[in-house]
Amino acid sequence: MKKLIIIPAYNESESIVETVQDIINNAKDFDYIIINDCSTDNTKELCEQNNFNVINLPINLGIGGAVQTGYKYAKENDYDLAVQVDGDGQHDPAFLCEMSEYLITHDLDMVIGSRFIKKEGFQSSLMRRVGIKYFTWIIRLLTGEVVTDPTSGLRIINKEIINIFCKEYPRDYPEPESIVVLLKLHKKIGEVPVIMRERAGGISSISAVKSVYYMIKVSLAIFIEAIRK
Amino acid sequence: MDIKLQIIIAVIIFLVLIFIINMIRKGQLVLKYALTWILVGVGILILDLFPNLISGIASLMGVGQPINILFFFGFCFALLLIFVLTVTVSKMSIQIKDLAQQIALNNQSNEKTKNS
C-alpha cells in the first residue's frame, strides 16, 4: 500500500528541515512530498540543498491550493492513502501509522487527528478553542455528525477522497468546509486522539485580524455546502 | 435638448466606439468583453438622437424628472457589469490555480526524470 505525506510549506525555513527529518525517521512506510507555496524566504533552497522531494508552485495559491497540489500528485502517482502534515512542526509523524491503521481496520474514508479527545498536549488558545467548538456545533447541526477537531490539518484520506479533493478543494481555510463536503456525500469520517506541539517556527496563517474573516467565510462555506444537493 | 449638445455627445460616442473597435483590432481587448461596451455606446447614441424616448419612458414608469431614469439605468448597468466581472474573475482564478498546479507537477516530474 502506497502512502503519501503532503507537507504544505509557506515561509517555513525555520522548521521545514526538522519536520522533514522527523518524517523520514518516524514515518518509514510513508513517502513524502513538500509543496512549497511560492515562499518568499529560502524554503526552496533549503529543500534543494537537502535533496528533499519538493514541488515548487510558481505562484502563491494559499493553503488549500497547495494541499490540493499534493492530492493531485498523489493521484498521478497512484497513492492509496494521503495525509497532510503541516510544515511548522505542529504535527507529530509518530501518530501517522496509528491513523492509517485505524482508517484501514475501521474501513473509513477519512481519519482526523484530534487534540480534543484526550485533551493532551498543546490545546491552542482559549479563543481558538471557542471557535473550534463553534465549528463542531455547526457541523453537528447541519449534518448530525460529531467532529471534535474540525480545524485539524492532520488528516489522512483514502483513494476515493483523494479523487474528490483533486476535483474540488476549498482555497483558504479548507478543513471544516471539506469535512462538510464529505459528510454530505455520506463518507465515513473517524477521529483518533493525537498530541500536537506548539509550532516550532513561522507564524499561523490565521492572525487576529483575519479570524473574523475566517469565522464568517467558513460559516458561510459550511452553510452553502450543507444546502447543496 | 440643445442640438449643439446632441451633436457633441454623438461625436464623443463615435470616437469612443472607434477607440474600442481599434483596441479589439489590435488585440488589446477581447471582443467578448468589449461587446457590452459597444452596446452601451449604441444605447447612449440612440437616446441622444431621440431624446423624447427618455421622457416617454419616464412618464411610463411614473418618474417625475426624466433625468432620474437615465441615472437609474446607468446605475443598474454599472452594477450588472461589475457583477459580470466578478464572475469572470472567479472563473479565471480557478483556471490560474489549475494551471499553476499543473506546471508545478510537470516541473517536478521533469526534474525527477532528469536526475534519474
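Below or above, wherever it landed, is the structure these notes cover.

Reading the values: rules and limits
- Residues numbered from 1 in each chain as written.
- Chains lettered and ligands numbered in written order.
- Predicted model: local features only at pLDDT ≥ 70, side-chain atom pairs only at ≥ 80, totals over all residues.
- Heavy atoms only, no water.
- Helix = DSSP H or I, 4+ residues; strand = E, 2+ residues; numbered from the N terminus.
- Buried < 20%, exposed > 50% of the residue type's maximum accessible area, 1.4 Å probe, protein only.
- Polar contact = N/O pair within 3.5 Å; in protein donor to acceptor, adjacent residues only side chain to side chain.
- Contact = heavy atoms within 4.5 Å.
- Salt bridge = Lys/Arg side-chain N within 4 Å of Asp/Glu carboxyl O.
- Patch = residues over 30% accessible without salt bridge, like charges linked within 9 Å, V, L, I, M, F, W, Y side chains within 5 Å.
- Areas by Shrake-Rupley, 256 points an atom, 1.4 Å probe, with all protein chains shown as cover.
- Nonpolar A, V, L, I, M, F, W, Y, C, P; charged D, E, K, R; others polar.
- Axes fitted to C-alpha atoms, helices over the stretch in contact; angles between N-to-C directions.
- Parallel < 35°, antiparallel > 145°, perpendicular 65-115°, else oblique.
- Pairing = 2+ DSSP bridges.
- Expected span 1.5 Å × (residues − 1).
- Left-handed = near helix turned anticlockwise from the far one by under 90°.

1. Here's the deal with the side chain of Thr-43 of chain A
Residue and element names in this part refer to chain A. Note that Thr-43 resides in helix H2 (residues 43–49). Here Thr-43 falls in the buried class, since its relative accessible area comes to 0%. A polar atom in the side chain of Thr-43 sits 3.2 Å from the backbone nitrogen of Glu-12. A polar contact of 2.6 Å, which involves the side chain of Thr-43, links it to the side chain of Asp-41. Not counting residues within four places of it along the chain, the set of residues in contact with Thr-43 comprises Ala-9, Asn-11, Glu-12, Ser-13, Ile-16 and Asn-36.

2. Structural notes on the pattern of salt bridges
Two side chains that carry opposite charge are able to pair once their charged atoms sit near each other. Per the stated rule, a full pass over the model turns up 11 salt bridges over all chains. Two residues, Asp-22 of chain A and Arg-197 of chain A, come together in a salt bridge whose shortest N-O distance is 3.2 Å. Pair noted here: Asp-22 of chain A is in helix H1 (residues 16–26) and Arg-197 of chain A is in the loop between strand S7 (189–193) and helix H8 (208–227), with a separation of 175 residues, a long-range link. Here Asp-22 of chain A falls in the buried class, since its relative accessible area comes to 17%. Among the residues examined, Arg-197 of chain A registers a relative accessible area of 34% and is labelled partly exposed. Residue Asp-98 of chain B is joined to Lys-72 of chain A by a salt bridge in which the shortest nitrogen-to-oxygen separation is 3.3 Å. One end of the pair, Asp-98 of chain B, is in helix H4 (residues 66–115); the other, Lys-72 of chain A, is in helix H3 (residues 62–76), on a second chain. A residue is classified by how much of its surface remains accessible, and Lys-72 of chain A, at 15% relative accessible area, is buried. Salt bridges sharing partners connect three or more residues here, namely Lys-72 of chain A together with Lys-97 and Asp-98 of chain B.

3. A word on a nonpolar patch on the surface
A surface patch of nonpolar side chains, about 500 Å² in accessible area, is lined by Ile-3, Ile-7, Val-11, Leu-15 and Ile-18 of chain B. Counting through the fold element by element, Ile-7 of chain B comes out in helix H1 (residues 3–25).

4. Observations regarding the interface of chain B and chain A
With 13 residues of chain B in contact, the opposing surface of chain A contributes 17 residues. There are 1 salt bridge connecting chain B and chain A. The tally of links from chain B across to chain A stands at 7 residue pairs in polar contact (both at pLDDT 80 or more). Looking at the side of chain B that touches chain A, its residues break down into 6 nonpolar, 4 polar and 3 charged.

5. Overview of the packing of helix H2 (residues 31–49) of chain B against H4 of chain B
Residues and elements named next belong to chain B. Contact pair H2 / H4: the axes reach a minimum separation of 12 Å and the direction vectors enclose 175 degrees. Between H2 and H4, the crossing angle belongs to the class labelled roughly antiparallel. Contacts from Lys-32, Tyr-33, Thr-36, Trp-37, Val-40 and Leu-47 of H2 reach H4 at Leu-70, Phe-77, Leu-81, Thr-88 and Lys-91. Residue classes in the contact of H2 with H4 are distributed as 7 nonpolar, 2 polar and 2 charged.

6. Focus on the pairing of strand S4 (residues 81–84) of chain A
All names here are of chain A. Taking every second residue as pointing to the same face, both faces of S4 are buried, with Leu-81 and Val-83 on one and Ala-82 and Gln-84 on the other. The pairing of S4 with strand S6 (residues 155–158) spans 4 bridges and is classified as antiparallel. Looking at the pairing, Ala-82 lines up with Ile-157 of S6.

7. Considerations on H1 of chain B
Note that an α-helix has 3.6 residues per turn; residues three or four places apart therefore point the same way. Residues and elements named next belong to chain B. Over its 23 residues, H1 extends 33 Å from the first C-alpha to the last, a length consistent with the 33 Å expected when each residue adds 1.5 Å. When H1 is considered as a whole, its buried residues turn out to be Gln-6, Ala-10, Ile-13, Leu-17 and Ile-20. The inward-facing, buried residues of H1 abut H2. Note on H1: the residue one or two positions beyond its end, Gly-27, has a positive phi of about 80 degrees.

8. Things to note about the packing of H1 of chain B against H2 of chain B
Residue and element names in this part refer to chain B. Taken N-terminus to C-terminus, the directions of H1 and H2 make an angle of 165 degrees; their axes are 10 Å apart at the nearest point. With respect to H2, the element H1 is oriented roughly antiparallel. The crossing of H1 and H2 is left-handed. Contact residues: H1 offers Gln-6, Ile-9, Ala-10, Ile-13, Phe-14, Leu-17, Ile-20 and Ile-24, while H2 offers Leu-31, Ala-34, Trp-37, Ile-38, Gly-41, Ile-44, Leu-45, Asp-48 and Leu-49. Looking at the contact of H1 with H2 residue by residue, the class counts come to 14 nonpolar, 2 polar and 1 charged.

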